[in-house]
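Fold and contact review
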Amino acid sequence: MASETSCFTTEPPTAPAAAAGGLNFNDTELTLRLPGESRKSGAKRRFSGVTDLKLGENDRSDTECSGVTESPSSKEQVVGWPPVRSHRKNMTKRDCKYVKVAVDGAPYLRKVDLEFYSGYQQLLCAFEDLFSCFTIINVTGDVLNERKLMDPVNGMEYVPTYEDKDGDWMLVGDVPWKMFVESCKRIRLMKNSEAINGSGINHRQLYLFT
Amino acid sequence: MAYSFPEEVLEHVFSFLASQKDRNAVSLVCKTWYEMERWCRKRIFVGNCYAVNPRIMIRRFPEVKSVELKGKPHFADFNLVPEGWGGCVYPWIVEIARGYPWLEEIRLKRMVVTDESLELISKSFKNFKVLILSSCEGFSTDGLAAIAANCRNLRVLDLRECEVEELSGHWLSHFPDSFTSLESLNMACLSYEVSFSALERLVSRSSNLKTLRLNRNVPIEKLSILLQRAPQLVDFGTGAYSSEIRSDTYSSLAEAFSGCKKLKSLSGFWDVVPAYLPAVYSVCSQLTSLNLSYATTQSPDLSKILGQCHNLQRLVVLDYIEDTGLDTVAMSCKDLRELVVFPSDPFVADANVLLTEQGLVSVSEGCSKLQSVLYFCRQMSNSALISISKNRPNLTCFRCCILEPRAPDYLTFEPLDVGFGSIVENCKQLTRLSMSGLLTDRVFEYIGTHAKKLDMLSIAFAGDSDLGLHHVLSGCESLRKLEIRDCPFGDKALLANTSKLETMRSLWMSSCSVSFGACKLLGQKMPRLNVEVIDERENLDSIAEDAHVEKVYIYRTVSGQRPDMPDFVRTMGKDNHEVYNLS
């Protein structure tokens, strides 16, 4: 196995292909990846929870995040290998994750398949479609958890919230999308007055969870 | 006594010659035949757009109606060719627009096609009928809108696996209401939603429509509407084949499919919900081609369909089919000619599915007409390869990709030389071969000795020394395309076989041991070869002669150096003042 580097004896590795050679990868090799970025799905290849949390203002350097190792079942990727075109790169079965969506004041609930969406923006758009009375408004514009849904007819604002695996009601948008999909059990679009006044969840209390 | 057939007779006889190879041969017989043939050649195929320039082509063949061009090397499909390398079709379109105003067909593969090019096409050829873009990029839906709006006689618009910048879904609406000549529309590679009502109207008024391949965005609920409008379809590609199962959707779909008596080919099936698959059962026995490679569904569901496809000739699936599914194919699809099995999860070392070499062996036993194989798997053995070669000596294309580079025979831990050797020895008609796994110089000796009809060979992570490459270059008489990556092949084999390179269309070598010096020497020695070094490092001018190039692409040409090289591409061994020969 060690002799595969004979191609490259006179040269320091240049292209990624040269460096990787496809073999001899060290199972504990550190990789630099952005938090939450994973090309794969499936339990055996998840990163540990540490790197997936966005920790607000804290500026974690890449080297700290790279303390997470990849599971040994994933491969060090060689450029252009295996020879599949990019649109075929990941054809693993798409799991379905249907969750109920309740809107305060609506007579019945809806269901959405969270795996169908690739991010919060699409999910909010789906709410707009499902509950056609809503439009998305940006309060501050940048921070996702400031986006709300509004019913232009009565001027009511609705805050998207969800129940997580621990049974706690959380504000939608704090954690990376994939983590949200994994932990969300059901969704409730809560009237903003309720959310602020404390009969729902308190924005201030929320930050204690993160 | 000089006598010959009158021109009209010769022309009539030549009109039966379809293959370019035959026409090329005919043109070499004598001057009269050369002249006759060139005036009546209607179709041109240029396998490497840099091998010839369009003016030469137009001067020799003035009456061409159909042009086919290929651009980037094959390994561009796997991101080995850097962005900006070339292959832009625009200069060709400019010349062709001038030289062939009555051109009807353009087929392009792996070329950069800009909106400008598409607009020029749409405005230059009054009788334009066929546009096929295969693995092309560089254009947007604006270009498609131009084609739709201006090509009044368009019959075929086929976008195969192209990368399209999608600015809007409205391009389809640019086909005028008076436009009714469409026979084939393939927009499977697009992701934006097109207006369904525009699509429905287009399908309704195109009574000659035979091929319709939708994109993922067309929901399953709408399929039956389209199928009812076009029951004459021969080739149909669904959109996303998923939704919550509803009996009315299902029954309209099943009924619509059963109305398609001429349907022979099915594809699409993105995000498939297995409960909807039985809707196609009524057409299974008619199908000759089935592409389920986007259907992430389990083997039992696949087997239920395949068990009914008794006339299937071409099957493309994911490895979800597993060995058991391939056993079903072996038993039920006795007319199978081509099998393609793609990996569902190529970057995982552990197998996620039960697909092994056994599935392929099984199909090779059961399907006596099997000619073409592309098979991705995680393990292979010499004994399996030997069995396959003995079962199917009629194989013409064998591409076997073991996902782990340099993987040995999983039973004996030996190299797979003997197995692949058996393939080339027994399959005497083999024209295309891709190998993988642990391979020494020995396999190349077998190839050089036996693979006399081999036209295209792809090698990766194989061999021990230059001797391997030398065996191939000196032994494979019919070889025209050779692509190599990550092999210890270097200067010696190249420089010992320079004249062979001129008989080939192209040679690609990346991450091998070819030096700058050897490339220069080769370029100097062979004026009709372009030896293009692709190297993205800085300071290329000061790099040592014996340093290895990152990538080299060697191709024969009558056009000299190409004028559109980016800074990371150099033609070696040519004088700098040589200009692109336009005359």
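Cut-offs and rules
- Residues numbered from 1 in each chain as written.
- Chains lettered and ligands numbered in written order.
- Predicted model: local features only at pLDDT ≥ 70, side-chain atom pairs only at ≥ 80, totals over all residues.
- Heavy atoms only, no water.
- Helix = DSSP H or I, 4+ residues; strand = E, 2+ residues; numbered from the N terminus.
- Rg over C-alpha atoms; globule rule 2.2 N^0.38 Å.
- Buried < 20%, exposed > 50% of the residue type's maximum accessible area, 1.4 Å probe, protein only.
- Contact = heavy atoms within 4.5 Å.
- Areas by Shrake-Rupley, 256 points an atom, 1.4 Å probe, with all protein chains shown as cover.
- Lys, Arg positive; Asp, Glu negative; His and termini not counted.
- Charge placed at Lys NZ, Arg CZ, Asp CG, Glu CD.
- Disulfide = S-S within 2.5 Å.
- 1 Å grid on protein atoms, 1.4 Å probe; cavity = no way out; pocket = protein on both sides within 12 Å on 5 of 7 lines; lining within 4 Å.
- Points joined across faces, edges and corners; volume = space filled by probe spheres on them.
- Nonpolar A, V, L, I, M, F, W, Y, C, P; charged D, E, K, R; others polar.
- Axes fitted to C-alpha atoms, helices over the stretch in contact; angles between N-to-C directions.
- Parallel < 35°, antiparallel > 145°, perpendicular 65-115°, else oblique.
- Phe/Tyr/Trp six-rings, centres within 6.5 Å; stacked < 30°, edge-to-face > 60°.
- Lys NZ or Arg CZ within 6 Å of the ring centre and 35° of its normal.
- Pairing = 2+ DSSP bridges.
- Core = buried A, V, L, I, M, F, W, Y, C linked by side-chain atoms within 4.5 Å.
- Polar contact = N/O pair within 3.5 Å; in protein donor to acceptor, adjacent residues only side chain to side chain.
- Patch = residues over 30% accessible without salt bridge, like charges linked within 9 Å, V, L, I, M, F, W, Y side chains within 5 Å.
- Salt bridge = Lys/Arg side-chain N within 4 Å of Asp/Glu carboxyl O.
- UniProt positions renumbered as here; feature names shortened; annotations may be inferred.

The next point concerns the overall build of chain B. Helix and strand content of chain B: 21 helices and 23 strands. For chain B, the C-alpha radius of gyration of 25 Å lies close to 25 Å, the compact-globule estimate for 583 residues. If you line up chain B on its principal axes, its C-alpha atoms span 70 × 65 × 60 Å. Burial analysis of chain B (583 residues in total) assigns 60% to the buried set. Long-range contacts, defined as pairs at least 24 residues apart, comprise 70% of the intrachain contacts of chain B with a sequence gap of at least 6. Summed over its atoms, the accessible surface of chain B is roughly 23000 Å², and 51% of this surface lies on carbon and sulfur atoms. Considering chain B, the positive charge centre built from 64 side chains and the negative charge centre built from 71 side chains are found 8 Å apart.

Another point: helix H21 (residues 516–525) of chain B. Of all the residues in H21 of chain B, the buried ones are Phe516, Gly517, Ala518, Cys519, Leu522 and Gly523 of chain B. Turning to H21 of chain B, the residues buried within the fold contact helix H19 (491–496), helix H20 (498–501), strand S21 (529–534) and strand S22 (551–556) of chain B.

What follows concerns the state of the cysteines. Per the counting criterion, the structure on display carries zero disulfides over all chains. Residue cysteine 49 of chain B stays outside any disulfide, its sulfur separated by 9.2 Å from that of cysteine 88 of chain B, the closest cysteine.

With that settled, the discussion passes to the layout of surface pockets. All names here are of chain B. Estimates place the volume of the second largest pocket at around 1100 Å³. Surrounding the second largest pocket, 29 residues form its lining, Gln20, Asn24, Phe45, Gly47 and Arg556 being those nearest its centre. Contributing elements (two or more residues each) for the lining of the second largest pocket: helix H2 (20–27), strand S1 (43–46) and helix H4 (54–60). Ranked by residues supplied to the lining of the second largest pocket, first place goes to H2 with four residues. Here the residues of the lining of the second largest pocket are counted per class, giving eleven nonpolar, eight polar and ten charged.

Turning our eyes to something else, we now look at the packing of helix H17 (residues 441–450) of chain B against helix H18 (residues 466–475) of chain B. Residue and element names in this part refer to chain B. Where H17 contacts H18, the two axes come as close as 8 Å, and the packing angle between them is 5°. By the angle between their directions, the pair H17 and H18 is classed as roughly parallel. Packed against H17, whose contacting residues are Asp441, Phe444, Glu445, Ile447 and Gly448, the element H18 presents Leu467, Gly468, His471, Val472 and Gly475 at the interface. Classifying every residue of the contact of H17 with H18 gives four nonpolar, four polar and two charged.

In this section: the packing of aromatic side chains. Each aromatic ring pair is described using two quantities: the centre-to-centre distance and the angle formed by the ring planes. Across all of its chains, the model carries 23 aromatic pairs over all chains by this definition. Note on tyrosine 553 of chain B and tyrosine 555 of chain B: the rings are 5.3 Å apart at their centroids and 45° apart in plane angle, and the pair reads as tilted. Classification of tyrosine 553 of chain B as buried rests on a relative accessible area of 4%. One aromatic cluster is present, formed by Tyr50, Phe75, Phe78, Trp85, Trp508, Tyr553 and Tyr555 of chain B through successive ring pairs. Looking at arginine 88 of chain A, its charged tip hangs above the ring of tyrosine 294 of chain B, at a distance of 4.6 Å from the centre. One cation-aromatic arrangement involves lysine 222 of chain B over phenylalanine 196 of chain B; the distance from NZ or CZ to the ring centre is 5.0 Å.

Here we take up the packing of helix H16 (residues 417–426) of chain B against H17 of chain B. All names here are of chain B. One can describe the packing of H16 onto H17 by two numbers: an axis separation of 8 Å at closest approach and a directional angle of 5°. Taken as axis vectors, H16 and H17 run roughly parallel relative to one another. Of the residues in H17, those in contact with Asp417, Val418, Phe420, Gly421, Val424 and Glu425 of H16 are Arg442, Val443, Tyr446, Ile447 and His450. When the residues that make up the contact of H16 with H17 are grouped by side-chain class, the tally is six nonpolar, two polar and three charged.

Residue and element names in this part refer to chain B. The element strand S16 (residues 397–402) is extensively covered by neighbouring structure, given that six of its six residues are classed as buried. Side-chain alternation along S16 places Cys397, Arg399 and Cys401 on one buried face and Phe398, Cys400 and Ile402 on a second face that is also buried. Relative to S16, strand S15 (residues 372–377) runs parallel, the two sharing six bridges. Paired with phenylalanine 376 across the bridge in S16 is cysteine 401.

This brings us to the nonpolar core. Considering soluble globular proteins, one finds that nonpolar side chains tend to be buried as a cluster. Residue and element names in this part refer to chain B. Tyr241 and Phe398 are the most contacted members of the largest nonpolar core, which has 189 residues in total. Here this core takes five residues from S15, the largest share from any one element. When residues no more than four places from it in sequence are discounted, the contact partners of phenylalanine 398 are Leu360, Val373, Leu385, Ile388, Phe420, Ile423, Leu430, Arg432, Leu433 and Ser434.

Here the focus is the side chain of histidine 74 of chain B. All names here are of chain B. Positionally, histidine 74 belongs in the loop between strand S2 (66–70) and helix H5 (90–99). The class of histidine 74 is buried, set by a relative accessible area of 14%. A polar side-chain atom of histidine 74 sits 2.7 Å from a polar atom in the side chain of glutamate 483. When sequence neighbours within four positions are dropped, the list of residues in contact with histidine 74 reads Arg110, Arg432, Met456 and Glu483.

Residue and element names in this part refer to chain B. A cluster of nonpolar side chains, contributed by Phe5, Val9 and Val13, occupies part of the molecular surface with about 270 Å² of accessible area. Positionally, phenylalanine 5 belongs in the segment before helix H1 (7–14). By relative accessible area, which is 56% here, phenylalanine 5 ends up exposed.

Next up on the list: the UniProt feature "domain: F-box" (unreviewed entry) in chain B. With numbering matched to this structure, UniProt assigns "domain: F-box" (unreviewed entry) to residues 5–46 of chain B. Strand forms 10% of residues 5–46 of chain B and helix 62%; the C-alpha atoms that close the span are 30 Å apart.

Under the defined criterion, the tally for this structure stands at 33 salt bridges over all chains. We note a salt bridge from arginine 85 of chain A to glutamate 161 of chain B, for which the minimum N-O separation is 2.7 Å. With arginine 85 of chain A in the loop between helix H3 (62–65) and strand S1 (98–103) and glutamate 161 of chain B in the loop between strand S6 (156–160) and strand S7 (163–165), the pair connects residues from two separate chains. In this structure arginine 85 of chain A comes out as buried when scored by relative accessible area, which is 17%. As a salt-bridge pair, arginine 562 of chain B and glutamate 532 of chain B come within 3.0 Å of each other at their nearest N and O atoms. Remark: glutamate 532 of chain B occurs in strand S21 and arginine 562 of chain B occurs in the loop between S22 and strand S23 (569–571); sequence separation between them is 30 residues. On the basis of relative accessible area, arginine 562 of chain B is assigned to the buried category, the value being 3%. Because the salt bridges share partners, they merge into one network encompassing Arg85 of chain A together with Asp77, Arg110 and Glu161 of chain B.

It is worth spelling out the environment of arginine 110 of chain B at this point. Residues and elements named next belong to chain B. Mapped onto the secondary structure, arginine 110 falls in the loop between strand S3 (105–109) and helix H6 (115–124). The exposure class assigned to arginine 110 is buried, which follows from its relative accessible area of 10%. Those residues in contact with arginine 110 that lie beyond four places of it in its chain are Gly71, Lys72, Pro73, His74, Ala76, Asp77, Ser134, Ser135 and Cys136. There is a polar contact of 3.0 Å between the side chain of arginine 110 and the side chain of aspartate 77.

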